[in-house]
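As a plain string of letters, each chain reads:
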Amino acid sequence: MGSASAEGFEVTPHEGSLAVGAVFDEALAGHTDKVARAQSQGLDLGAVGAAIKGYNCGQPPSALAAYVPDPLEAETPPSGGTDEHTAGPSQSDNNSDGSIEHVVANNTPFGEADTTFEPTITEPGNLFTISHVVSKATSGLINGARQAEATVDIGQVTIAGVVTLSGLHWEAIYPTGGGGGQPSGSFQIGKAVVNGQSTPTTDLGQVSSAINKVLGQIGIQLNLPTSSTAQGIQFESPLSIQVVPNSQRNSITDPIIAGNGQSVGPVPLGVEPNYYPVANGLENGFGNTSAPYNALAPLEAGSNGSQLQQALCQSDTPITVADITVASFTAGGFFNISLGGVNASSGDLPVNPYQLGLGFGDLSVPGSSQFVSGSPGTPAVAGSSDTGSALTGAASSPAIGNSSSAGSPARSGPGTVVPAATVASEVSGPLLAIGLGILGLLALLAEADRRMIRSGRKTAIFEE
C-alpha cells in the first residue's frame, strides 16, 4: 500500500480558533493491493464549498453551487486496465478556477495525479503574488519497486513587493520493498531577491534571516519548510507566510479597520463598525441592529415582516467567511498563506491481528478437548448381560449393513450404525464451554434487567 499528497498553496484567515481556507492545486494518489486511486483538484473550498453545495434555510443550493469545483478522480477498474481523465480550465469541466487536472490509475498498480495552475494569483492588496504552480503525486509500483512520491513546483512568489522567490521545489519520496533507498524529503529555492539584492540560496537559514529582517518591519513573518518522518510518513512542510501583529503596520491599518470611534454624521468610520451591523441585519433583520442601519427596517415590511431577511437567508456562509477574513487582519486573528507542502508513505498491508479465519484452533493443544485412550473392551455377545467397555456396551443390537451376525464382535467401519445415545465423552469440547459461557452471560443480563425494573418501580412509587 502507499499514498502521496501535494498541495500548491493554501490561503487561511483565522479568527481565534476559527479558520476558513481554500487549497489550490491539490494532487492525491494512493494504492492498496492491486487497486490504485488518484484525485486532482485545482480549488478545494473545504467546508465552505460543502456549505454552498448543501441545503440552506430549507432551500436547495443556490446558483453559486455550480461554480464550486469538484475533484477529478480515477480508480483502477474492477476488471483491470486503466482509468484516465483530464479536465481543462473551463466551466464545462467544472473547473472554473483555471487549473489543468489529470489523473490516471491502473492495475500495475499505479496511480498519478497532476494539477497545474498557470495564471498569476494575487492576494489582498497585491501583498502576495503567486504564479505557475504544479503539484504531482504518484503511488504504486515503478519498475517493480513500490514507491510513493509527491512534488510541488512554484515558478515565482512575490511578497509585499520587496521579496521575490523563484524556482521553489518540494519533494517527498518513500520507497519500500524494492531496495530503492530510504525515505527522504527536500526543499529548494532557485533564486531569492530581497530588497533588490540577490541572496545566495545555498544556505536557506541565511535566506530566511534576510527575508524576515525586511518583512518584519511590516508585520510579516516567513517560516521555511522542514523535513520529518513520523508514523511511517515522510513530510516536507509548507513554506509559511504569516501576517503577525506589528505596531508600525497596525498604526496605519487599525484606523481603517476599526475606525477608532470616529464617525461622519451618524455613520461611523472604519470597516468593522459598518460591516458587522450590515451583516447582522442581513442575517437577523435590520430591526435588530444598531443605528443608523436600523432605519432600514421598513424595507422588510410585509405580510411576515422579514421579506429581506428571508430573501438573503442563504447569505450566511459568505457572511461567516467575510467575518473571519476581516478579523484576521486585527488583533482578534491572523492571516496565513502556506506554499507547497508534500508527504508520502508506503509499506506492506497490515496483518489482520484477529485471525478470524482460523476458527477455534487445534483441538489437541493443552486446554482444549483431548481424546484419552481407555482400556480394551470385551466383545459384546447378543443376549449377554456383560456390556463390556464403552465402545462395546451398546452392541447388543446386530450391526446393520455388516456381514457380522449376532454374537460376533461389534466393529466400527463402513456401514456400522451405533445409536448416538450410547456414545459417551468424558471431556467436554470448546463449543460446550462457549455455550455455557453464553448462557451464564444471558443469566447475568436477565438479572441486571430485573434489578433495573425493580429500581424503576420504586422510583416511580416514590415520585407519586
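Scope of this entry: the structure provided in the associated data block. Within every chain, residues take consecutive numbers counted from 1 along the sequence as written. Per-residue local features of the predicted model are confined to residues with pLDDT of at least 70, and side-chain atom pairs are confined, for both listing and counting, to 80 or more; whole-chain, interface and lining totals are unaffected and use all residues. Water and hydrogen atoms were dropped before computing side-chain values, which therefore reflect all heavy atoms in the structure.

**Observations concerning the overall build of the chain**
Note the threshold: Only DSSP runs of H or I with at least four residues qualify as helices, and only runs of E with at least two residues qualify as strands; both kinds are numbered from the N terminus onward. Throughout, a residue-residue contact means that at least one pair of heavy atoms, one from each residue, lies within 4.5 Å. For every accessible area listed, the method is Shrake-Rupley and the probe measures 1.4 Å; residues are considered covered only by the protein chains on display.
For the chain, the count of helices and strands is 7 helices and 21 strands. Across the chain, the fraction of contacts at a sequence separation of at least 24, relative to all contacts at a separation of at least 6, is 56%. A total of about 25900 Å² of accessible surface is found on the chain, and carbon and sulfur atoms cover 58% of it.

**Things to note about the pattern of salt bridges**
Condition: Salt-bridge detection follows one rule: a side-chain nitrogen of Lys or Arg within 4 Å of a carboxyl oxygen of Asp or Glu. Categorising residues by exposure relies on relative accessible area from a 1.4 Å probe, with only protein chains included: less than 20% of the type maximum marks a residue as buried, more than 50% marks it as exposed, and the intermediate range marks it as partly exposed.
As enumerated under the stated definition, the model contains 3 salt bridges in all. Notably, a salt bridge pairs Arg37 with Glu75, separated by 3.6 Å at the nearest N-O pair. Remark: Glu75 occurs in strand 5 (residues 72-75) and Arg37 occurs in strand 4 (residues 35-44); sequence separation between them is 38 residues. In this structure Arg37 comes out as partly exposed when scored by relative accessible area, which is 39%. You can call Glu75 partly exposed: its relative accessible area is 39%.

**Regarding the pairing of strand 16 (residues 233-236)**
Put simply, the test is: DSSP bridges decide pairing: two strands pair if at least two such bridges lie between them.
The side-chain alternation of strand 16 yields one buried face, formed by Gln234 and Glu236, and one unburied face, formed by Ile233 and Phe235. Sheet topology places strand 15 (residues 227-230) next to strand 16; 4 bridges connect them, and they run antiparallel. Each residue of the ladder has a partner; that of Ser227, found in strand 16, is Glu236. For strand 16 and strand 21 (residues 342-346), the ladder comprises 3 bridges, and the chain directions are antiparallel. What sits directly across from Gln234, in strand 21, is Ala344.

**A word on the sheet that holds strand 10 (residues 145-159)**
Quick note on the threshold: Comment: axis = line fitted to C-alpha atoms, over the contacting stretch for helices; angle = value between 0 and 180 degrees taken between N-to-C directions.
Strand order in the open sheet made by the 8 strands is 6-7-8-9-10-11-12-13, with antiparallel pairing throughout. Two strands bound the open sheet, and with one partner strand each, they are strand 6 (82-87) and strand 13 (197-199). For this sheet, the mean inter-axis angle between neighbouring strands, taken without regard to orientation, is 5°. When strand 6 meets strand 7 (residues 99-106), the two strands line up antiparallel, connected through 6 bridges.

**Looking at the nonpolar core**
Here is the rule: Note on terminology: a nonpolar core comprises buried Ala, Val, Leu, Ile, Met, Phe, Trp, Tyr and Cys residues joined through side-chain atoms within 4.5 Å.
Grouped together as the largest cluster of nonpolar side chains are 53 residues, with contacts concentrated most on Ile154, Ile159, Leu165, Trp170, Leu239, Ile241 and Leu339. Look past the residues within four positions of Ile241 in its chain and what remains in contact with it is Phe128, Ile159, Ile220, Gln221, Leu222, Phe335, Asn336, Ile337 and Leu339. Membership of the second largest hydrophobic core comes to 6 residues, among which are Val20, Ile52, Ala65 and Val68.

**As for unusual backbone geometry**
Between Thr108 and Pro109 the backbone carries a cis peptide bond, its omega angle lying at 5°. Mapped onto the fold, Pro109 is located in the loop between strand 7 and strand 8 (110-122). Phi is positive for Asn143, close to 55°, though the residue is something other than glycine. Topologically, Asn143 is positioned in the loop between strand 9 (128-142) and strand 10. Residue classification places Asn143 among the exposed positions, given a relative accessible area of 84%. Positive phi values are uncommon outside glycine, yet Ala160 reaches one of about 55°.

**So, the environment of Leu224**
Along the polypeptide, Leu224 turns up in the loop between strand 14 (220-223) and strand 15. Sequence spacing of Leu224 and Val207 is 17 residues, and the spatial spacing of their C-alpha atoms is 9.3 Å. Aside from chain neighbours lying at most four places away, what touches Leu224 is Phe187, Ile189, Leu204, Ser208, Pro238 and Leu239.

**Description of helix 1 (residues 46-53)**
Threshold: The arc refers to the directions leading from the helix axis to the C-beta atoms.
Within the sequence span of helix 1, burial applies to Val48, Gly49 and Ile52. On an axial view of helix 1, the arc spanned by its buried residues comes to 95°, and they lie on one face. What points out from helix 1, more than 90 degrees from its buried face, is the exposed set Ala47 and Ala50.

**Brief notes about a nonpolar patch on the surface**
Put simply, the rule is: Each patch is assembled from residues with relative accessible area greater than 30% and no salt bridge, linking like charges that lie within 9 Å and nonpolar side chains (Val, Leu, Ile, Met, Phe, Trp, Tyr) that lie within 5 Å.
A cluster of nonpolar side chains, namely Ile438, Leu439, Leu441, Leu442, Leu444 and Leu445, defines an oily patch on the protein surface of about 630 Å² accessible area. As for its placement among the helices and strands, Ile438 is situated in helix 7 (residues 430-463). Accessibility expressed as a relative area gives 46% for Ile438, which makes it partly exposed.

**A short note on the packing of aromatic side chains**
Test applied: Only centres within 6.5 Å qualify two rings of Phe, Tyr or Trp (six-membered ring in Trp) as a pair; their planes then separate them into stacked at under 30 degrees, edge-to-face at over 60, and tilted for everything else.
According to the stated counting rule, one finds 4 aromatic pairs in the structure shown. With a centroid separation of 6.3 Å and 70° between ring planes, the pair formed by Phe24 and Phe117 is classed as edge-to-face. Residue Phe24 is found in strand 3 (residues 22-32), and its partner Phe117 is found in strand 8; the two are separated by 93 residues along the sequence. Taken as a pair, Phe24 and Phe117 share a single burial class, namely buried. Considering the side-chain rings of Trp170 and Phe187, the 4.8 Å spacing of their centres and the 45° angle between planes classify their relative orientation as tilted. Here the residue Trp170 occupies a position in strand 11 (residues 163-176), and Phe187 occupies one in strand 12 (residues 184-194), the gap between them amounting to 17 residues. For the residue pair Trp170 and Phe187, the accessibility class agrees, reading buried in each case. By the ring-pair criterion, three or more aromatic residues cluster together here, those being Phe9, Phe24 and Phe117.

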